[in-house]
Amino acid sequence: MKPLTRSRRSLISAQGLVGFLILWEVSLRAGLLPGSLVPLPSSIPGVLWAELIDGIWFEVVLSSLSHYSVGVALGSLLGISVGVAAALVPRFDALHAWLARLLRPIPPLAWIPFAIIWFGVNPSAAAFIISIGVFWINYFASYSAVRAVDPGYNEVAIAFGQGHFLARLTKVSLPAAAPGILGGLRAGLGQGWMTVVAAELFGIPGIGQRMMEASGLLATDIVVVYMLTIAGLYALFDFIFMAIQRRILRWQP
Amino acid sequence: MATVSVAAPAVLHARDISLGFGDDTILAGVDLEVRPQEFVAVVGASGVGKSTLLRALTGLLPPQRGEVEIPRGEATDTRAWSMVFQAPRLFPWRRVRANVELGLEGLALSRAERRRRALEPLALVGLEEFAERWPSTLSGGQQQRVGIARALAVKPKVLFMDEPFSALDAITRRHLQGELADLRQRTEAAIVFVTHDIEEAVLLADRVMVLGGKRGDTPAGVIDVVEVDLPLTARREHAEFANRVQAIEHLIGPGPAAAAT
């Protein structure tokens with residue numbers, strides 16, 4: 001089959017999205033879907049506008065963004081640090097290997113009880129929950145990326161007087177593993193958004209809490225506004241991250 | 001032939017080197033002394049331990065026995081030795097100039113001096129204009145020339161070269177052999193050059209160390225050291241060139257695979 005050009009592909013994708021929205025709207029208006037359970041797509045812009053005018057949208061988005069940022073930053077920093085250290089220092093790798101195997105399968109949300117006990121129902125608890133999921137993604141991505149670095153590069157570093165640990169870390173391990181580490185960071189940004197809503201469901205102000213309030217009142221249009229808000233924010237963050245990643249990895253052919 | 005001062009102190013002493021993997025010794029009893037600006041080629045059958053010997057001489061792979069000494073000297077802006085690898089092994093995340101600067105980092109040099117010291121050998125291998133390019137945009141031959149520039153930038157007393165042209169096509173290899181023959185007269189470094197190509201060894205070297213003689217559990221050793229003693233200019237066309245090559249081929253013999261049949 002003939003491959004599509006980029007513009008043609010975008011056009012077809014847009015047609016698919018618009019077609020879905022029309023089908024959704026028509027199904028509701030024709031009574032095929034219950035209006036009490038699913039909002040009209042055409043009502044969403046008006047609801048979004050109302051949320052913006054009331055200032056609620058900014059309030060909940062800023063609140064979510066604050067613990068999202070802290071959680072993602074903390075989880076990424078720790079995940080990369082521990083992952084890189086484990087890949088480079090065999091004794092440290094062995095020391096924590098079983099602990100990592102024990103803790104890894106525990107989902108971030110299972111830490112909610114401890115988050116509440118340790119931090120109370122406040123943004124720190126949400127940031128803690130977010131950081132756990134992000135930590136593991138970055139940990140494994142960094143560990144694998146550093147382990148996969150061609151040992152020949154280390155030999156070059158030694159041959160040219162850069163054999164000590166810090167020189168090898170900064171001049172070989174980190175730049176050589178950068179594509180894998182950045183892949184982990186990007187996946188962590190996505191994982192953070194998945195966790196942020198769940199972490200707010202237990203009463204911490206933010207998008208998740210606003211969605212829970214709305215669903216209690218069967219205001220499904222508000223729920224959809226915030227679902228789309230998350231999708232939009234994720235797309236924006238991903239776009240910015242990709243631009244930074246392209247800049248950092250500009251040496252790749 | 002480059003002028004080699006016999007009286008000058010050696011830049012590399014290796015005594016009674018044995019090397020191998022685990023309890024298995026593959027090469028034993030190697031002695032080597034290299035004088036300033038001397039070019040020593042090491043040849044031998046495949047698997048005899050040529051590259052392993054080179055690693056032992058640099059300390060990248062500690063020998064099982066023996067001593068290697070490469071006097072450091074007083075200079076704080078040079079390194080005692082450097083190496084050109086079989087594959088260029090440039091860091092793809094560094095531009096060409098930054099790759100050449102690698103060995104200069106940590107030496108007593110300002111940023112500007114480091115930059116100048118990197119551009120000098122790049123000019124020597126004809127790649128000055130490629131200084132700000134990424135390695136991935138260069139051909140295999142150009143990458144290997146950057147590898148040579150990187151090794152020359154630290155002004156080593158001994159330059160180790162581990163089959164540097166073996167991964168290149170025949171035309172590029174021949175071209176770089178010519179460049180190296182020319183380059184060796186313009187550098188102060190002594191060169192220890194491992195190759196499986198006997199013609200290449202005779203073409204470039206002052207002396208050729210021939211390794212071989214492995215029989216069963218008996219490790220290989222130095223069979224002979226052949227003085228090439230031919231002028232560097234148009235050496236390939238010299239009447240004695242083929243004789244030197246044949247003499248070394250005869251020393252190495254048909255190789256372990258053929259010998260076993």
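Per chain, the residues get numbers from 1 upward, laid out in the order the sequence is written. Numbering of ligands from 1 and lettering of chains from A proceed in the order in which they are written. Where local features are concerned, this predicted model is filtered to residues with pLDDT of at least 70; where side-chain atom pairs are given and counted, the filter is 80 or more; whole-chain, interface and lining totals use all residues.

As annotated in an unreviewed UniProt entry, chain B is ABC transporter ATP-binding protein from Litchfieldella qijiaojingensis. UniProt positions are given in the numbering used here, feature names are shortened, and annotations may be inferred rather than shown by experiment. The UniProt entry for chain B carries this comment under Sequence similarities (unreviewed entry): "Belongs to the ABC transporter superfamily."

The name given to chain A in an unreviewed UniProt entry is ABC transporter permease, with Litchfieldella qijiaojingensis as the source organism. Per UniProt, the comment on chain A under Sequence similarities (unreviewed entry) is "Belongs to the binding-protein-dependent transport system permease family."

Asks: Honestly, the overall build of chain B in this entry has me stumped. Any pointers?
Replies: Helix and strand labels come from DSSP, where a helix needs a run of H or I of at least four residues and a strand needs a run of E of at least two; each type is numbered from the N terminus. Along its length, chain B carries 8 helices and 9 strands. The atom set for the radius of gyration is the C-alpha atoms, and the globule formula is 2.2 Å times the number of residues raised to the power 0.38. Computed over the C-alpha atoms, the radius of gyration of chain B is 18 Å, within 12% of the 18 Å expected from 2.2 N^0.38 for a compact globule of 261 residues. Taken along the three principal axes of its C-alpha coordinates, chain B extends 55 × 40 × 40 Å. Expressed as a percentage of its 261 residues, the buried residues of chain B come to 43%. We call two residues in contact if the C-beta atoms placed from their backbones are at most 7 Å apart. Counted over contacts in chain B with a minimum sequence separation of 6, partners at least 24 positions apart contribute 71%. Any residue whose C-beta has 12 or fewer other C-beta atoms within 10 Å is treated as exposed, any with 20 or more as buried, and any in between as partly exposed, C-beta atoms being built from the backbone.

Asks: What am I meant to see in the overall build of chain A here?
Replies: What chain A contains, in helices and strands, is 10 helices and 0 strands. For 253 residues, the compact-globule estimate of 2.2 N^0.38 gives 18 Å, and the C-alpha radius of gyration of chain A, at 23 Å, exceeds that figure by more than 25%. Each principal axis of the C-alpha distribution contributes one length, and for chain A these read about 75 × 60 × 30 Å. Counting only residues that meet the buried cut, chain A has 30% of its 253 residues in that class. The long-range share in chain A, meaning contacts at least 24 apart out of those at least 6 apart in sequence, stands at 73%.

Asks: Can you walk me through the UniProt feature "transmembrane region" (unreviewed entry) in chain A in this structure?
Replies: All names here are of chain A. When the UniProt feature table is mapped to this numbering, "transmembrane region" (unreviewed entry) covers residues 68–89, 110–137 and 222–244. When the span residues 68–89 is considered, its composition is 95% helix and 0% strand, and the gap between its end C-alpha atoms is 31 Å. A distance of 33 Å separates the end C-alpha atoms of residues 222–244, which is 100% helix and 0% strand.

Asks: Can you help me understand the interface of chain A and chain B in this one?
Replies: One frequently used descriptor of interface size is the decrease in accessible area upon assembly of the parts. Every contact between the two is made by 14 residues of chain A and, on the other side, 16 residues of chain B. Of all the secondary-structure elements, those providing two or more residues to the side of chain A that touches chain B are helix H7 (151–159) and helix H8 (165–200) of chain A. Looking at which element gives the most residues to the side of chain A that touches chain B, the answer is H7 of chain A, with 6 residues.

Asks: I would appreciate a short explanation of helix H7 (residues 241–252) of chain B in the present structure.
Replies: Helical geometry: 3.6 residues make up each α-helical turn, so side chains three or four residues apart lie on a common side. Residues and elements named next belong to chain B. In a regular helix each residue adds 1.5 Å, so 12 residues correspond to 16 Å; H7 covers 17 Å between its end C-alpha atoms and thus fits that length. Within the sequence span of H7, burial applies to Arg 244, Val 245 and Ile 248. Looking down the long axis of H7, one finds its buried residues gathered within 100° of arc, a one-sided arrangement. The exposed residues of H7 that point more than 90 degrees off its buried face are Ala 242, Asn 243, Gln 246 and His 250. Those residues of H7 that are buried are in contact with strand S3 (39–44), helix H6 (198–204), strand S8 (207–212) and strand S9 (221–227). A helix's residues, less one, multiplied by 1.5 Å, set its expected span. Picture the helix axis, draw a direction to every C-beta atom, and the arc is the one those directions span.

Asks: Looking at this structure, I do not really get the environment of Leu 183 of chain B. What am I missing?
Replies: Tracing the backbone shows Leu 183 of chain B in helix H5 (residues 170–183). A sequence separation of 59 residues divides Leu 183 of chain B from Leu 124 of chain B, and the C-alpha atoms of the two residues are 7.7 Å apart.

Asks: Would you explain the domain arrangement of chain B in this entry?
Replies: All names here are of chain B. What fixes the domain bounds is an automatic or database domain assignment. You can read the domains of chain B as domain 1 (1–73 + 157–261) and domain 2 (88–156). Contact residues are listed per partner, giving 13 residues for domain 1 and 8 residues for domain 2. Only strand S6 (158–162) and H5 provide two or more residues apiece to the side of domain 1 that touches domain 2. No other element matches H5, which puts 4 residues into the side of domain 1 that touches domain 2. In terms of residue class, the side of domain 1 that touches domain 2 is made up of 8 nonpolar, 2 polar and 3 charged. Only Asp, Glu, Lys and Arg are considered charged, only Ala, Val, Leu, Ile, Met, Phe, Trp, Tyr, Cys and Pro nonpolar, and every remaining residue, Gly among them, polar.

Asks: Can you walk me through the sheet that holds S6 of chain B in this structure?
Replies: As a general point, the strands of a sheet are linked pairwise by backbone hydrogen bonds and lie either parallel or antiparallel. All names here are of chain B. Pairing is mixed across the open sheet formed by 6 strands, whose spatial order is S5-S6-S7-S3-S8-S9. In the strand order of this sheet, the two ends are held by strand S5 (81–84) and S9, each with one partner. Between one strand axis and the next, the sheet turns through 20° on average, direction left out of account. Two strands pair under a simple rule: DSSP has to find at least two bridges between them. For S8 and S9, the ladder comprises 6 bridges, and the chain directions are antiparallel. Bridge pairing in S9 links Leu 211 to Val 222. Fitted lines through C-alpha atoms give the axes, limited to the stretch in contact for helices. The angle between two N-to-C directions lies from 0 to 180 degrees. Sitting on the sheet, helix H4 (residues 140–153) is in contact with S5 and S6, with an inclination near 180° to S5.

Asks: Explain the packing of H8 of chain A against helix H10 (residues 220–248) of chain A here, please?
Replies: For any two helices packed against each other, one specifies the crossing angle of their axes together with the interaxial distance. Residues and elements named next belong to chain A. In contact at an axis separation of 11 Å, H8 and H10 are set at 170° when each is read in the N-to-C sense. With respect to H10, the element H8 is oriented roughly antiparallel. Contacts between H8 and H10 pair Ala 178, Leu 182, Arg 186, Leu 189, Gly 190, Trp 193 and Val 197 from the former with Ile 230, Tyr 234, Phe 237, Asp 238, Phe 241, Gln 245 and Ile 248 from the latter. In terms of residue class, the contact of H8 with H10 is made up of 10 nonpolar, 2 polar and 2 charged. Under this scheme an angle from 65 to 115 degrees is roughly perpendicular, one under 35 degrees roughly parallel, and one over 145 degrees roughly antiparallel; angles in between are oblique.

Asks: Where do I start with the nonpolar core in this structure?
Replies: The nonpolar side chains of soluble globular proteins are, as a tendency, buried together. Core analysis: the biggest nonpolar cluster contains 117 residues, and Val 158, Val 192, Phe 193, Ala 205 and Val 208 of chain B have the highest contact counts within it. Here the element with the most residues in this core is helix H6 (residues 123–147) of chain A; it accounts for 16 residues. Dropping the residues within four chain positions of it, Val 192 of chain B is found in contact with Val 34, Val 40, Val 42, Leu 54, Leu 57, Val 158 and Phe 160 of chain B. We define the nonpolar core as any set of buried residues of the types Ala, Val, Leu, Ile, Met, Phe, Trp, Tyr and Cys, connected via C-beta atoms lying within 7 Å of each other.

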